[in-house]
Amino acid sequence: MNQDDLKRAAAHAALDYVPDDSLVGVGTGSTVNFFIEALGTRKHRIAGAVSSSEASTARLKAVGIPVFDLNGVNELPVYIDGADEITQGLAMIKGGGGALTREKIVAAVADKFVCIADEKKRVSLLGKFPLPLEVIPMARSYVAREVVRLSGQPVLREGFTTDNGNLILDIHNLQILDPIELETRLSAITGVVMCGLFARRPADILILATANGVEITRR
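Cut-offs and rules
- Residues numbered from 1 in each chain as written.
- Predicted model: local features only at pLDDT ≥ 70, side-chain atom pairs only at ≥ 80, totals over all residues.
- Heavy atoms only, no water.
- Salt bridge = Lys/Arg side-chain N within 4 Å of Asp/Glu carboxyl O.
- Helix = DSSP H or I, 4+ residues; strand = E, 2+ residues; numbered from the N terminus.
- Buried < 20%, exposed > 50% of the residue type's maximum accessible area, 1.4 Å probe, protein only.
- Core = buried A, V, L, I, M, F, W, Y, C linked by side-chain atoms within 4.5 Å.
- Contact = heavy atoms within 4.5 Å.
- Axes fitted to C-alpha atoms, helices over the stretch in contact; angles between N-to-C directions.
- Parallel < 35°, antiparallel > 145°, perpendicular 65-115°, else oblique.
- Left-handed = near helix turned anticlockwise from the far one by under 90°.
- Polar contact = N/O pair within 3.5 Å; in protein donor to acceptor, adjacent residues only side chain to side chain.
- Arc of directions from axis to C-beta.

Colleague: Would you explain the pattern of salt bridges in this entry?
Modeller: Side-chain pairing between opposite charges can occur once the charged atoms of the two side chains come close. Counted under the stated rule, the structure contains 14 salt bridges. The shortest N-O distance in the salt bridge between Arg 157 and Asp 170 comes to 2.8 Å. Residue Arg 157 is found in the loop between β8 (153-156) and β9 (167-172), and its partner Asp 170 is found in strand β9; the two are separated by 13 residues along the sequence. Exposure class is identical for Arg 157 and Asp 170. Each is buried. Two residues, Glu 183 and Arg 200, come together in a salt bridge whose shortest N-O distance is 3.5 Å. Of this pair, Glu 183 sits in helix α6 (residues 179-187) while Arg 200 sits in the loop between β11 (197-198) and β12 (205-210), and the two are 17 residues apart along the sequence. Among the charged side chains, a salt-bridge network with shared partners connects Asp 81, Lys 94 and Glu 103.

As structure tokens, this is what we get:
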């Protein structure tokens, strides 16, 4: 199986966690794109979706799934999204696609967070994948200096603007021994909109597609 086959396997397995007649939180990224494709085959069994990005919204509408504004939603049973890295304890780095703020908001509302990933995304220590920070444009240089003080190497994601109109700093050369502590420190820097560490609110379930089949890990 190639990596796309693994992503597709994880995405299809996530359908088992989607309740009938409910809204579904939908994340962003290549694995989620396979999930949206699969969800389209069951669109008549769900009430609709809440999306974490403009890109996912467009894909959902293209397969005939209505998309609802989160502000009008009182209950969201499940949120399905991918990860750039995930540990056995289900802490993650997310934001490779730049949608980390909206992803974290939808994850916070959802009763259950299901992460779908292929086996290359599971790591023993977070930090090899650059950690994204969404930042207010005028605070870019200040935030970068503060990140250097934490021994990170910030790199501006050139030519990219988030759906919220902000910038992304990707932090390289981190070994994240305490994800919750680092998430708290980075989130407290003035000008940081959102940190791509999902440790204070990790996934509840990991659906991991491997060469030997789909593995399920629960927190």
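Colleague: Would you mind showing me how to read the nonpolar core here?
Modeller: Nonpolar side chains tend toward joint burial in soluble globular proteins. Among the nonpolar cores identified, the biggest contains 27 residues, and Val 24, Val 26, Phe 35, Leu 39, Ile 80, Ile 116 and Ile 207 are the most heavily contacted of them. Residue assignment for this core shows that the elements contributing at least two residues are α1 (3-13), β1 (23-26), α2 (30-39), β3 (78-81), β6 (112-118) and β12. Here the element with the most residues in this core is α2; it accounts for six residues. When sequence neighbours within four positions are dropped, the list of residues in contact with Ile 116 reads Ala 10, Ala 11, Ala 14, Thr 31, Val 32, Phe 35, Ile 80, Asp 81, Gly 82, Ala 83 and Ile 207. Counting 22 residues, the second-largest nonpolar core is a separate cluster that includes Val 143, Leu 169, Ile 176 and Ala 199.

Colleague: Can you help me understand the side chain of Thr 31 in this one?
Modeller: As for its placement among the helices and strands, Thr 31 is situated in helix α2. When its relative accessible area of 4% is taken as the criterion, Thr 31 is described as buried. When sequence neighbours within four positions are dropped, the list of residues in contact with Thr 31 reads Lys 7, Ala 11 and Ile 116.

Colleague: How should I be thinking about the packing of α2 against helix α3 (residues 54-62) in this particular structure?
Modeller: Think of two packed helices as two axes; the pair is described by the angle between the axes and how far apart they sit. The interhelical angle for the contact between α2 and α3, taken along N-to-C directions, is 25 degrees, at an axis separation of 9 Å. Between α2 and α3, the interaxial angle falls into the category roughly parallel. As α2 packs across α3, the resulting crossing turns out to be right-handed. In this structure, α2 uses Val 32, Asn 33, Ile 36 and Leu 39 to contact α3, whose residues at the interface are Ser 56, Arg 59 and Leu 60.

Colleague: I'm lost on the side chain of Asp 81 in this one. Help?
Modeller: Positionally, Asp 81 belongs in strand β3. Residue Asp 81 is classed as buried on the basis of its relative accessible area of 0%. Within the structure, Asp 81 has its side chain in polar contact with the side chain of Tyr 79 (distance 2.6 Å). With sequence-adjacent residues up to four places away left out, Asp 81 is seen in contact with Gly 27, Thr 28, Val 32, Lys 94, Glu 103, Phe 113, Val 114, Cys 115 and Ile 116.

Colleague: Explain unusual backbone geometry here, please?
Modeller: Phi is mostly negative for residues that are not glycine, and the peptide bonds are mostly trans. A positive phi angle, close to 75 degrees, is found at Ser 151, a residue other than glycine. Inspection of the secondary structure puts Ser 151 in the loop between α5 (140-149) and β8. Although it is not a glycine, Asn 173 sits at a positive phi angle of roughly 65 degrees. For Asn 173, a relative accessible area of 58% translates into the label exposed.

Colleague: What exactly am I supposed to notice about α5 here?
Modeller: For an α-helix, the turn length of 3.6 residues means that residues three or four places apart are oriented alike. Within the span of α5, buried status applies to Val 143, Ala 144, Glu 146 and Val 147. Within α5, the buried residues cover an arc of 165 degrees as seen down the axis, which keeps them to one side. Residues of α5 that are exposed and angled more than 90 degrees away from the buried face: Arg 145 and Arg 149. At its buried positions, α5 is contacted by β7 (131-135), β8, β9, α6 and β10 (192-195). At the exit of α5 stands Ser 151, carrying a positive phi of roughly 75 degrees.

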